[in-house]
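Residue strings, one per chain:
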Amino acid sequence: MLIYNDKQSTASEIKEALEGSDTEQKILAMQKAIVLLLSGEQLPQLFITIVRYVLPSEDHTEAIEKTDSAGKVLPEMILICQNLRNNLQHPNEYIRGVTLRFLCRIREEEILEPLVPSILANLEHRHSYVRRNAVLAISALCKLPKGDLLVPDADELIERFLGQEQDVSAKRNALMLLTQHSQERAVKYLFEHLDQLAVWGDILQMAVLELIRIVCRTKPDAKGKYIKIILALLQSPSAAVTYECAVTLTSLSQAPTAVRAAANCYCQLLVAQSDNNVKLIVLDRLQELKDKHRDVMQEQLLDVLRALSSPNLDIRRKTLDITLDLLTPRNIDEVVMVLKKEIMRTQSADSERGPEYRQMLVAAIHSCAVKFPEVAASVVHLLMDFLGDPLVSSALDVVFFVREICETHPALRPSILERLADTFPSIRASRVVSCALWVLGEYSASREEVEAALGVITAGLGPLPLLQLESEDDADTAAAKDAPASLPSAASMGGSKRPAVLADGTYASQAAVVEMPLLSVSGPLPPNLRSLLLVGDFFLGGVVAASLTKLVLRLGSLGVPAASLHRASASAMLAIVAMLRLGESGALPTPLDDDSRDRMGACIQVLAAPEPDMVKVWLDDCRAAFSALTSDKQSREAAEAAAESAKSYAQPDDLIDFGHLVSNRKGGLSQLELEDQVTSDLARATGLAEAAESEARRLNRVLQLTGFSDPVYAEAYVTVHQYDIVMDVTVLNRTNETLQNLTLELATMGDLKLVERLQQYTLAPGASKVIRANIKVSSTETGVIFGNIVYEGSGYAERSVVVLADIHIDIMDYISPAVCADVTFRNMWAEFEWENKVAINTSITDVNAFLEHIITSTNMRCLTPPRALEGGCGYAAANLYARSVFGEDALVNVSVEDTGGGRLAGYIRIRSKTQGIALSLGDKITLKQKG
């Protein structure tokens, strides 16, 4: 326990306050004395003062040294013993109970020995509070090195007490005492009262589960009969008991029946409990079961999906993650049906955070359709209703899903194109419109489909020209008159401004336009393409021109009459020219950019003089590029799935145990016991390699803290969990003297906090001790742990100090590779404020080798497809992504080029929502990029 004390009091001030008559001042003085004692100060002059003035009061607490330098009890402690005996015989039951609890913390046998008769006498007190604390005191006595001599018949006393006691808390304490010191008596009591187990209190049932865990750990062959008891306790009305039953069941047995019962218990808790934290914990347990027992969890999948009724997005996200990993051909139809019902529920106005939840459901349905293509036909038309979703990211997920289905399912293209033509006027987001136009231009194959797509685009543009100008003289007046009716208000466009740091260190303002849904204005809204073009979105104009060009060229390849082809070509060229004139008019706040102008001009040239080579590029090569991208994505996913399924779960020479043969050999065994025996054999067969691998990893993470010539040698093994760090420090006495009051003093730098103050130890010559320290982690930031080993030798008057080497907690222990969509990555990149820009300075000469080195060093996943990184152009740009255990996102963009002469140049940009992860990851990259 660490206590901050800004102003320490002196011993004389504390003594003066203790000798006074004010009780409040005495309490404050005692608190100050305790703080000083915990800080390592010795206050021998206060001992008699505390005995004279504090012990007689009814409200007191003490913490004082009870032994001398040789380890013997001080003679003054006889006064303490007499006062404690009086308290144990006090008529007030509260004083008796508090004194008994206090005795649990005393470790000196000389003090406790004269108090044993009084402690035993309290077992028969009329008040249950005294009896339960008396059992705790006896338990503390039994844990002492000479506990058998202090209370030789403790087991018999507690066994008789347990048979007569009616208080649940006292019985629980007594059963825990027998569990720790006499398992045979505890097991005997359990089986004698097995018929009453269902009506016991929840704390007593929890004690039974602890007894079962300890007994099964020492006697694994007797697990069968205890598992039956756990299965009976699963029917307990207490949620805590059922949860502990499920945890105990999965830890003791890997039999399918036991795992199925535990999974069913978790699913019931998931629905019955209203606390979101409980649901998240239960989902974590289900995730662990899924990793080890996939077949059993597939049977419980629909029960897990019931957790989607919770309004919390974190619970829904975890539920969907578990669901997507358990999909099989047998349950895919039921899962898709549930997801379709959920996505229809999100349309209700009272749905909490409906758009975000709908986006998660769309992504889940997309994954289902990718894994099982046969369900795509049943969901694609439902999802197309959400192409006009006001949440742009959700609509983008839908349109990307539609584009992929069109490529991978040719039979669905006609119905998708027909539905897309009907839904197209309701789409108001520029990026969604662009992708929808690409789908119409690429996959319209018949004459009817091409003419329908041309009609959709023409209707979206509205009447031409896009800006009505009466004459050159009143152009400004007409533009001003037309603007309020055709241009959306400024409120429909959002912008985010943030300062940017230039190369010379100066600041400049940077603006980014954010897509927002159009607000309703008085009167009918203009068509979607027209409204987007009139706000200056000329990139969309280039997409419209390209789609019109593809459709007209496709119409020519179908052999339509020349008159119809010329009419369609002229209409397309007229629309493209109208967009060019709109950009050149100067009436819009955003001028026409050169790239869009060149693209529209190229489309007009192709329509005016279509050459065979250019027609092939427009109609075939564009589709082939997307087909190659889709095939590459599918091959990568298939390779990852094959690598996951190729993991070895058993060795070829493992022993196979046949259940029927076991049943014939050993009569009287239940089916559960047979399953448990078989799974235990398999666990032993496959668990040895895992244990060896775990030990090898432990050896690789051992850090040396002191030198071999130091009087105390120390080394540490650091284990990083999600929110804390456990440091096991092995301390070895290399001297020929006994080291007293040896303690480990630690301090931290960064977002690390020491949880508790470590206690002191005595080390004999050549003896060793493992000291465990717990450190809390509050953020993903590189931290440092440093400290000393302080001890007292028998021949030294002062304390000796050994300085320890610093322990650097690496950020790589907190982040892990993750996957996100390209749209999500771009949105987070625009949203996150903290950026760290690292210049590339490395001895690696190859661009791809440097990129691979950065990916390996940062423990991140490359989101850029491998096909996009192929070739020898001497330049590479890739996006990397990872998530921390705290849910923080880490985004990295690597831009590197070969400048010639074997040198690489460029920048690595890191963005995150918090400063710590951006700075720590930048330091890691700077340190590792040398190669």
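In the block above lies the structure referred to throughout.
This write-up is about the structure you can find in this document.

Right, let's talk about the overall build of the chain for a bit. Tallying secondary structure elements over the chain gives 38 helices and 18 strands in all. Across the 931 residues of the chain, 44% fall into the buried class. Across the chain, every contact between residues at least 6 apart in sequence was considered, and the portion connecting residues at least 24 apart equals 65%. Per element, the accessible surface of the chain, about 48200 Å² overall, is 52% carbon and sulfur.

Bringing the pattern of salt bridges into the picture now. All told, the structure shown has 25 salt bridges when counted by the stated rule. For Arg772, the salt bridge is made with Asp728, and the minimal N-O distance between the two is 2.7 Å. Pair noted here: Arg772 is in strand β9 (residues 768-777) and Asp728 is in strand β5 (residues 724-733), with a separation of 44 residues, a long-range link. For Arg772, a relative accessible area of 51% translates into the label exposed. By relative accessible area, which is 11% here, Asp728 ends up buried. A salt bridge links Arg911 to Glu835; the shortest N-O distance between them is 2.6 Å. With Arg911 in strand β18 (residues 903-912) and Glu835 in strand β14 (residues 834-839), this residue pair connects regions lying 76 residues apart in the sequence. Classification of Arg911 by relative accessible area gives buried; the value is 5%. A residue is classified by how much of its surface remains accessible, and Glu835, at 30% relative accessible area, is partly exposed.

Where helix α20 (residues 313-325) meets helix α22 (residues 354-371), the axes come as close as 11 Å, and the angle between the chain directions of the two elements is 5°. Our classification of the angle between α20 and α22 gives roughly parallel. Residues Leu313, Arg316, Arg317, Leu320, Leu324 and Asp325 of α20 form the contact with α22, whose own contacting residues are Glu356, Tyr357, Met360, Leu361, Ala364, Ser367, Cys368 and Lys371. Considered class by class, the residues forming the contact of α20 with α22 number 8 nonpolar, 1 polar and 5 charged.

This paragraph deals with empty space enclosed by the protein. The tally for this structure, following the rule as stated, stands at 1 cavity of 30 Å³ or more. Lining the largest cavity, in full, are Leu705, Met727, Val729, Leu744, Leu746, Ile785, Phe786, Gly787, Leu804, Ala805 and Ile807. Those elements that place two or more of their residues in the lining of the largest cavity are β5, β6 (739-749) and β10 (783-793). For the lining of the largest cavity, the element with the highest residue contribution is β10, accounting for 3 residues. In terms of residue class, the lining of the largest cavity is made up of 10 nonpolar, 1 polar and no charged.

Once that is clear, we can look at unusual backbone geometry. Among all residues except glycine, the phi angle is most often negative; among peptide bonds, the trans geometry is most common. That bond from Leu464 to Pro465 is cis: its omega, -5°, falls within 30 degrees of zero. Position of Pro465 among the secondary structure elements: in the loop between α27 (447-461) and α28 (475-486). Residues other than glycine seldom take positive phi values, yet Asn741 does so here, at roughly 50°. Within the fold, Asn741 resides in strand β6. Look at Asn741 and you get partly exposed, because its relative accessible area is 27%.

What follows covers the sheet that holds strand β4 (residues 712-720). As summarised here, the arrangement of the 5 strands in space is β3-β4-β5-β9-β7, forming an open sheet in which the pairing is antiparallel. In the strand order of this sheet, the two ends are held by β3 (702-704) and β7 (752-754), each with one partner. Strand-to-strand twist of the sheet, defined as the mean angle between neighbouring strand axes without regard to direction, takes the value 30°.

Each regular strand displays side chains that alternate between the two surfaces of the sheet. Side chains Ser800 and Val802 project from strand β11 (residues 800-803) onto a buried face, and the interleaved Val801 and Val803 project onto a face without burial. Both β10 and β11 contribute to a ladder of 4 bridges, which runs antiparallel. Residue pairing across strands places Val790 opposite Val801, the latter belonging to β11.

Here we take up helix α17 (residues 276-292). For α17, spanning 17 residues, the distance from its first C-alpha to its last is 25 Å, which sits close to the expected 24 Å at 1.5 Å a residue. Listed as buried for α17 are Lys279, Val282, Leu283, Leu286, Leu289 and Lys290. Buried residues of α17 fall within an arc of 115° about the axis and therefore sit on the same side. Of the residues in α17, the exposed ones pointing more than 90 degrees away from the buried face are Asn277 and Lys292. Check the buried side of α17 and you find it contacts α15 (239-252), α16 (256-272), α18 (294-299), α19 (301-305) and α20. One side-chain oxygen at the N-terminal end of α17 lies 3.1 Å from the backbone nitrogen of Asn277; it belongs to Asp275.

Tracing the backbone shows Asn733 in strand β5. The buried category is assigned to Asn733, whose relative accessible area is 2%. A polar atom in the side chain of Asn733 sits 3.4 Å from the backbone oxygen of Leu763. The contacts of Asn733, once residues within four sequence positions are left out, are Pro711, Thr738, Leu739, Leu763, Ala764, Pro765, Gly766 and Ala767.

This brings us to the state of the cysteines. This model, assessed by the stated rule, comprises 0 disulfides. Free cysteine: Cys267, not disulfide-bonded; nearest cysteine sulfur from Cys265 at 9.2 Å.

This next bit is on the packing of aromatic side chains. Summed over all chains, the structure comprises 8 aromatic pairs. Ring geometry for Tyr189 versus Trp200: centroids 5.9 Å apart, planes at 15°, classification stacked. In this pair, Tyr189 sits in helix α12 (residues 183-192) while Trp200 sits in the loop between α12 and α13 (202-218), placing the two residues 11 residues apart along the sequence. Owing to a relative accessible area of 7%, Tyr189 belongs among the buried residues under this scheme. Site record: aromatic cluster; members linked through ring pairs are Trp438, Tyr443 and Phe626. Here Arg316 stacks its cationic end above the ring of Tyr357, 3.7 Å away from the centre of that ring. Taking NZ or CZ as reference, Lys837 lies 4.4 Å from the ring centre of Tyr907, over its face.

On to the environment of Met337, then. Relative to the helices and strands, Met337 is located in helix α21 (residues 332-345). Judged by relative accessible area, Met337 falls into the partly exposed class, the value being 49%. Measuring from C-alpha to C-alpha, the distance between Met337 and Ser378 comes to 9.3 Å, with 41 residues separating the pair along the chain.

Turning our eyes to something else, we now look at the packing of helix α8 (residues 128-143) against helix α11 (residues 168-181). Put simply, α8 and α11 touch, their axes get as near as 8 Å, and they point 15° apart. Considering the angle they form, α8 stands roughly parallel to α11. At the point where α8 passes α11, the crossing takes the left-handed sense. Residue-level inspection shows Arg132, Val135, Leu136, Ile138, Ser139, Cys142 and Lys143 of α8 in contact with α11, the latter providing Ser169, Ala170, Asn173, Ala174, Leu177, Gln180 and His181.

With that out of the way, let us pick up the side chain of Ser236. By the secondary structure assignment, Ser236 is in the loop between α14 (223-233) and α15. In this structure Ser236 comes out as buried when scored by relative accessible area, which is 13%. The contact partners of Ser236, leaving out residues within four places of it in the chain, are Gln205, Val241 and Thr242.

The buried count for strand β16 (residues 875-884) comes to 7 of 10 residues, which makes it a mostly enclosed element. Here strand β13 (residues 815-817) runs beside β16; their pairing, made up of 3 bridges, is antiparallel. Looking at the pairing, Pro817 lines up with Ala882 of β16. Bridge count between strand β15 (residues 861-862) and β16: 2 bridges; the pairing is antiparallel.

Along the chain, Asp537 falls in the loop between α29 (528-533) and α30 (538-557). Residue classification places Asp537 among the buried positions, given a relative accessible area of 18%. Sequence separation between Asp537 and Asp593 is 56 residues; the distance between their C-alpha atoms is 9.9 Å. Residues contacting Asp537, with those up to four places away along its chain left out, are Ser430 and Leu532. At 3.3 Å, the side chain of Asp537 and the backbone nitrogen of Leu540 are in polar contact.

Calculation criteria
- Residues numbered from 1 in each chain as written.
- Predicted model: local features only at pLDDT ≥ 70, side-chain atom pairs only at ≥ 80, totals over all residues.
- Heavy atoms only, no water.
- Helix = DSSP H or I, 4+ residues; strand = E, 2+ residues; numbered from the N terminus.
- Buried < 20%, exposed > 50% of the residue type's maximum accessible area, 1.4 Å probe, protein only.
- Contact = heavy atoms within 4.5 Å.
- Areas by Shrake-Rupley, 256 points an atom, 1.4 Å probe, with all protein chains shown as cover.
- Salt bridge = Lys/Arg side-chain N within 4 Å of Asp/Glu carboxyl O.
- Axes fitted to C-alpha atoms, helices over the stretch in contact; angles between N-to-C directions.
- Parallel < 35°, antiparallel > 145°, perpendicular 65-115°, else oblique.
- Nonpolar A, V, L, I, M, F, W, Y, C, P; charged D, E, K, R; others polar.
- 1 Å grid on protein atoms, 1.4 Å probe; cavity = no way out; pocket = protein on both sides within 12 Å on 5 of 7 lines; lining within 4 Å.
- Points joined across faces, edges and corners; volume = space filled by probe spheres on them.
- Pairing = 2+ DSSP bridges.
- Expected span 1.5 Å × (residues − 1).
- Arc of directions from axis to C-beta.
- Polar contact = N/O pair within 3.5 Å; in protein donor to acceptor, adjacent residues only side chain to side chain.
- Disulfide = S-S within 2.5 Å.
- Phe/Tyr/Trp six-rings, centres within 6.5 Å; stacked < 30°, edge-to-face > 60°.
- Lys NZ or Arg CZ within 6 Å of the ring centre and 35° of its normal.
- Left-handed = near helix turned anticlockwise from the far one by under 90°.

These results come straight from atomic positions and should not be treated as a statement about function.
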